[in-house]
Amino acid sequence: MEEKRVEEELRNSLLISERLRLAVQEADSFKQECTSIGNYAAVLSDKLRSLLRFTGSSQSFYDRPVRRTVSDVVKNFDRALTLVKKCKRRSVLRRVVTIISSADFKKVQSVLEASVGDVKWLESILGFGGGDDGGGDFGIDLTLPPIASNDPILAWVWSSIASIHMRNLNDKIEAANQLAQLAKDNDRNKQIIVEEGGVAAVLKLLKEKNSVESQVAAGTALLYLANDEDRVRAIVDEQGVSLIVKVLADSPMMVQSLMASLVARMAEHDSVAQDDFARENVIRPLVTLLSFEKFSDEQLVQMGKHSISIHSIVQINKEMDRFSVNGSKSNHSFKPYVNSYSSVHSDSGSSRGGSVNNNNNRRERENERPEVKLKLKISCAEALWMLAKGSVANSKRITETKGLLCLAKLVEKEEGELQYNCLMTIKEITSAAESNADLRRAAFKTNSPAAKAVIDQLLRVIKESDSPTLEMPAIKAIGSLARIFPARETWVIGPLVDKLSSGSQEVATEAAIALGKFACEDNFLREAHSKAIVEFNGIPRLMKLLKGNERAQLYGLILLCYLVLHAGNNQALEQARVLNALEGVDRTVIAQHTELRELVFKAIRHINLYHTSSHSQLLSYVP
């Protein structure tokens, strides 16, 4: 059913108040008490008329607390009218049957007094009383109206949202910070803010592109709200995605960093937001921001010598130029997309005037604090990670923006959270490529410089890092790419085999999973890869892994079976007593996995048939 307009509800309340006034005049008993009720009703009527005039003249009006308050006022008017009508002259019988006490009047006076308090509180947050048109200088009212005495959060939320809609800029910023603090406290507060229309108000403040402080306050509030699918969907439904992308492309670094974090949070919790951001082309500016200042002129020349597509770099430059123009729309914005590559490619289409502008943009960006620049990159990398997660389409978009080369460079040069986020983004892209042959062929050709750069850095991390947090995504990414490596690329397998004996059982298990993708039935080159694993002394390391926890045993056993089936008649298998290991494996591990039971049986049969020095009998194993 369509909700009534606020003006209609107010007019209805005034009609009831008029009926109450007439009933007070006609009362024959309890005249003093009825007069007192009439006085309360008169005060309420005056304030409701002021509120009605205000709602008719206000262009920006927050009606949620008004609807709730007026609804309660109408209920209390009805209750008072019913009581006062009983005081009218009537027959002796009716007067005997109808018993009225002073306590009844006290209860009604109490609720009317509460309504007066509620309307006065509305007056304080909306500014409609005393001739104020709502544009005056009045702060957020943190007092509690009677209507919210049992739930003070509701009053604070109403007051803050009303301030964002109606106050001056400083009050709006204060109100957004108040909402952010409330949202930070707990999920219940977040839900109240969303239900009471806070998302639309905060998005409205985010449009204040001439005020960095207001955008930071709005972005922070949205970031705290966006930790749940339903709340993220509320932001999406208010057309928040397109606004966030626009602010990302036309704001100072601090705001861009917040927007990138918001993209990451929303994409993480809602697949609809993940797809909508991609449709709004958020990936390209994220990659551009992530790559700024990463490639020096000397590095670009070196890239050219190694046949990396200069055309690709020029395309990135064009994107950065385009965003720099967008950035110039706001006098308070740092030009966010600086063409740091222009000096190398100045004769590929840049005008002299463009070079001057780019130099100015570069100087502005260089003046920003290093920690702000780093935070921006960390946020952009996280956003790309969440956009790529579980999405073939978004992973493809990242590779089409030459994002792989940028990610590889950051993995090489950076450390900490930025390096980790880049590794996780690569892991998600390679996972998508594993499940999609078209993406695998397009982005990870063996002769692709970007793909080679990524693989080189993944292997470097695997070989040099002693942090499981970094090793595991790198190992997973190499495993996802197992089908792209030709038989001669045994240099990829060696580092994975070494990790089978890692001090971290989780890392060793991930190495077994990755190697299993090289040796499995789905890999056309499984035999060559299996032999390489054995030649890199993988069997002894694998035998030790079988003594680990249940997960290590499971994936170690799977890899061992693949090696038995595909490595040929290799003496290492016999020397390591693989048959004994397969027959002695924990039956509880096998019992939980039907496919593993069949794989183990096939491996034992293979050993008995083709490894002549084995003395065990096939029948000794009962699956």
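Here the structure is a predicted model, which means the values were calculated and not measured. (Residues numbered from 1 in each chain as written. Predicted model: local features only at pLDDT ≥ 70, side-chain atom pairs only at ≥ 80, totals over all residues. Heavy atoms only, no water.)

A. Inspection of the overall build of the protein chain at higher detail. In terms of regular secondary structure, the protein chain is built from 34 helices and zero strands. By the burial criterion, 53% of the 623 residues in the protein chain qualify as buried. Long-range pairs, those at least 24 residues apart, make up 74% of the contacts in the protein chain with a sequence separation of at least 6. About 28600 Å² of surface is accessible on the protein chain, with carbon and sulfur atoms providing 48% of the total. (Helix = DSSP H or I, 4+ residues; strand = E, 2+ residues; numbered from the N terminus. Buried < 20%, exposed > 50% of the residue type's maximum accessible area, 1.4 Å probe, protein only. Contact = heavy atoms within 4.5 Å. Areas by Shrake-Rupley, 256 points an atom, 1.4 Å probe, with all protein chains shown as cover.)

B. Fine view of the nonpolar core. The biggest cluster of nonpolar side chains holds 194 residues, and the ones touching the most others in it are Leu126, Met266, Phe277, Leu286, Ile478 and Leu582. If sequence neighbours within four positions are ignored, Leu286 has contacts with Leu248, Ala260, Val263, Cys380, Ala383, Leu384 and Leu387. (Core = buried A, V, L, I, M, F, W, Y, C linked by side-chain atoms within 4.5 Å.)

C. Fine view of the confidence of the model for the protein chain. For the protein chain, per-residue confidence averages 82 on the pLDDT scale, and 80% of positions sit at 70 or higher. Taken as a whole, residues 131-139 scores under 50 in pLDDT and shows 18 contacts with residues more than four places along the chain or in a different chain. Scored below 50 in pLDDT, residues 295-361 makes 112 contacts in the model with residues more than four places away or belonging to other chains. (pLDDT = per-residue confidence, 0-100.)

D. Looking closely at the pattern of salt bridges. Counted according to the given criterion, the structure contains 26 salt bridges. In this structure, the salt-bridge partner of Asp151 is Arg188, at a minimum N-O distance of 2.7 Å. Of this pair, Asp151 sits in the loop between helix 5 (102-126) and helix 6 (152-166) while Arg188 sits in helix 8 (residues 187-195), placing them 37 residues apart in sequence. We note a salt bridge from Arg541 to Asp498, for which the minimum N-O separation is 3.6 Å. Here Arg541, found in helix 29 (residues 538-545), pairs with Asp498, found in helix 26 (residues 493-498); they are 43 residues apart in sequence, far enough to count as distant. Taking relative accessible area as the criterion, Arg541 reaches 21% and is therefore assigned partly exposed. By relative accessible area, Asp498 is classed as partly exposed at 43%. A single salt-bridge network, built from bridges that share partners, covers Glu9, Asp63 and Arg67. (Salt bridge = Lys/Arg side-chain N within 4 Å of Asp/Glu carboxyl O.)

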